[in-house]
Amino acid sequence: MTISAEEASRVLAEAELLYDEANVDRAIERMATQITDELNGSLPLFLCVMTGGLVLSGKLLPRLMFPVELDYLHATRYRGATQGGELSWLAKPRASLRDRVVLIVDDILDEGHTLAGIIQQCRDEGAQEVRTAVLVDKQHDRRFNNLQADYVGLRVDDRYVFGAGMDYKGLLRNVPGIYAAREI
Ligand SMILES: O=P(O)(O)OC[C@H]1O[C@H](OP(=O)(O)OP(=O)(O)O)[C@H](O)[C@@H]1O
Ligand SMILES: Nc1nc2[nH]cnc2c(=O)[nH]1
């Protein structure tokens, strides 16, 4: 489901700005420092989770001043909707995960089914260690298996958010801050 440009403009105009670009960048800087402290020297396989993980990946990668191998995967359970469904795999990483330290990079941890499915897949494919980084951690009590990410940028309340890689019904991933939609 994709909305029109007019509707997206209206949603953006009426949305509440939760974190501006400077806040997002500072959070990513903190994540980069933590990741560097813990993963420098392990030649991690950095796995960008398409599509939402693209912006965090693009901002995080140049802040990691040590060797990293970059690949991506595409697993989705929302497909532009605001309610999640079954996890479907649109692309798996090309690189072998066997015996690798893997860093999964995604935009948001909400109910956790997406990240849990990806972690399980990485383990099944022989990863030695799986670490997870998300720009946004949504606060509520519906989290699958109480899953937490290793590296978290920002926390948001239990509202549908968009921007900084996250879509509103297929659009607005490009806006640099993080917004909460007034209505969905
Ligand atoms: O914790 P969960 O409730 O599982 O939700 C989090 C997932 O939802 C979004 O993905 P989506 O399926 O919308 O794909 P996208 O990255 O293409 O937006 C987001 O990018 C996370 O991967
Ligand atoms: N864009 C977006 N995607 C999500 N996937 C799970 N929760 C959210 C959310 O709040 N916003």
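How each quantity is defined
- Residues numbered from 1 in each chain as written.
- Chains lettered and ligands numbered in written order.
- Predicted model: local features only at pLDDT ≥ 70, side-chain atom pairs only at ≥ 80, totals over all residues.
- Near = placed C-beta within 6 Å.
- Helix = DSSP H or I, 4+ residues; strand = E, 2+ residues; numbered from the N terminus.
- Nonpolar A, V, L, I, M, F, W, Y, C, P; charged D, E, K, R; others polar.
- Buried ≥ 20, exposed ≤ 12 C-beta atoms within 10 Å, placed from the backbone.
- Contact = placed C-beta atoms within 7 Å.

- Within an unreviewed UniProt entry, the label attached to the protein chain reads Hypoxanthine-guanine phosphoribosyltransferase, and the organism entered is Alkalilimnicola ehrlichii.

### Focus on the site of ligand 1
Next up, step 1: Around ligand 1, 18 residues are found, and the nearest of them are Gly-52, Tyr-78, Asp-110, Glu-111 and Thr-114.
Next up, step 2: Among the elements of the structure, strand E5 (101-109) and helix H4 (113-124) are those that each provide at least two residues to the shell around ligand 1.
Next up, step 3: No other element matches E5, which puts four residues into the shell around ligand 1.
Next up, step 4: Residue composition of the shell around ligand 1, grouped by class: five nonpolar, seven polar and six charged.

### Describing the site of ligand 2
Next up, step 1: Neighbouring ligand 2 are the residues Tyr-78, Ile-108, Asp-110, Tyr-160, Val-161, Phe-162, Met-166 and Asp-167.
Next up, step 2: Considered class by class, the residues forming the shell around ligand 2 number six nonpolar, no polar and two charged.

### Focus: helix H3 (residues 53-60)
Next up, step 1: Of all the eight residues making up H3, six are buried; the element is thus mostly covered by neighbouring parts of the structure.
Next up, step 2: Each element contacted by the buried residues of H3 is listed here: helix H2 (21-39), strand E2 (45-50), E5 and strand E6 (129-138).

### Details of the environment of Val-134
Next up, step 1: Examined against the element boundaries, Val-134 turns out to sit in strand E6.
Next up, step 2: In this structure Val-134 comes out as buried when scored by C-beta crowding, with 26 C-beta atoms within 10 Å.
Next up, step 3: With 86 residues separating them along the chain, Val-134 and Cys-48 place their C-alpha atoms 10 Å apart.
Next up, step 4: In contact with Val-134, other than residues within four places in its own chain, are Asp-106, Asp-107, Ile-108, Leu-109, Ala-149 and Val-152.

### Overview of the environment of Tyr-19
Next up, step 1: Among the secondary structure elements, Tyr-19 is positioned in strand E1 (residues 16-19).
Next up, step 2: Using a count of 23 C-beta atoms within 10 Å as the deciding quantity, one classes Tyr-19 as buried.
Next up, step 3: Between the C-alpha atoms of Tyr-19 and Ile-108, which are 89 residues apart in sequence, the distance is 14 Å.
Next up, step 4: Sequence-distant contacts of Tyr-19, defined by excluding residues within four places in its chain, comprise Val-24, Leu-154, Gly-177 and Ile-178.

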